[in-house]
Amino acid sequence: MRFTSYIAQWRIAAKGALDRTAITVKFLCWLHFTNNYLCSPTHVYGPSMLPTLNLAGDVVIAEHLSPRLGNLGHGDLVLVRSPLNPNRSLTKRIVAMEGETITYFDPLHADAAQVAVVPKGHVWIQGDNIYASHDSRHFGPVPYGLIQGKVFFRVWPPDSFGLLG
């Protein structure tokens, strides 16, 4: 009789542990799905996007549906996997889409304007601060597949909280 009561207690404890584990696994799956396919927070810092984003750093929200659906256009702020270092993400503005001709000036490397045609499946990205931005002027057009998301909302700092345009 005593042995069966221990087994009953063990079953109740095991069922509770399995229920909590199932809830945790469901939450982690939901978190993974949200972070990779819907939207994710990102810390952005550096001088390349001044004055739109702060030098000390901003926390922004990037949504991941627009690149998948092809809903990106001129002027959109995008989160891009760096073509030179895949471990880094860049935040830049789309300046030209595929098939367009872009005339750009690189103040650090040339005195004359240069012309480039954006190939199919690529975009031309640049930082708002042309004097401190490492962008398509340096590494060329970026494949559409490297775009991770469209930055649309600033969460931090609190005084700049709101939509980014």
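Note that residues are indexed from 1 along each chain, following the sequence as it is written. At least 70 in pLDDT is required for a residue's local features to be given in this predicted model, at least 80 for side-chain atom pairs to be given and counted, and no such filter applies to totals for whole chains, interfaces and linings, which use all residues. By convention in this description, side-chain values take in all heavy atoms of the structure and omit both hydrogens and water.

Where strand β2 (residues 58–63) meets strand β9 (residues 147–156), five bridges bridge the pair, whose relative direction is antiparallel. Counted as the bridge partner of V59 is W156 from β9. Pairing between strands requires that DSSP locate at least two bridges from one strand to the other. Helix and strand labels come from DSSP, where a helix needs a run of H or I of at least four residues and a strand needs a run of E of at least two; each type is numbered from the N terminus. Bridge analysis of strand β3 (residues 77–81) against β9 gives three bridges, and the strand direction is antiparallel. Each bridged residue has a counterpart across the sheet, and for V78 the counterpart in β9 is K150. The pairing of β9 with strand β10 (residues 162–163) spans two bridges and is antiparallel. The residue of β10 that forms the bridge with R154 is G162. Turn length for the β9-β10 hairpin, with the two strands adjacent in sequence and antiparallel, is five residues.

This brings us to unusual backbone geometry. Cis geometry marks the peptide bond from L50 to P51; its omega dihedral reads 0°. Structurally, P51 can be placed in the loop between β1 (39–44) and β2.

So, about the pattern of salt bridges. Should a side-chain nitrogen of Lys or Arg be within 4 Å of a carboxyl oxygen of Asp or Glu, the pair is scored as a salt bridge. Throughout the structure, instances matching the rule amount to five salt bridges. The closest approach of N and O atoms between D58 and R154, which form a salt bridge, is 2.8 Å. Of this pair, D58 sits in strand β2 while R154 is found in strand β9, placing the two residues 96 residues apart along the sequence. Like D58, the residue R154 is buried in the burial classification. Remark: exposure states derive from per-residue accessible area (1.4 Å probe, protein chains only) relative to the maximum for the residue type, with buried under 20%, exposed over 50%, and partly exposed in between.

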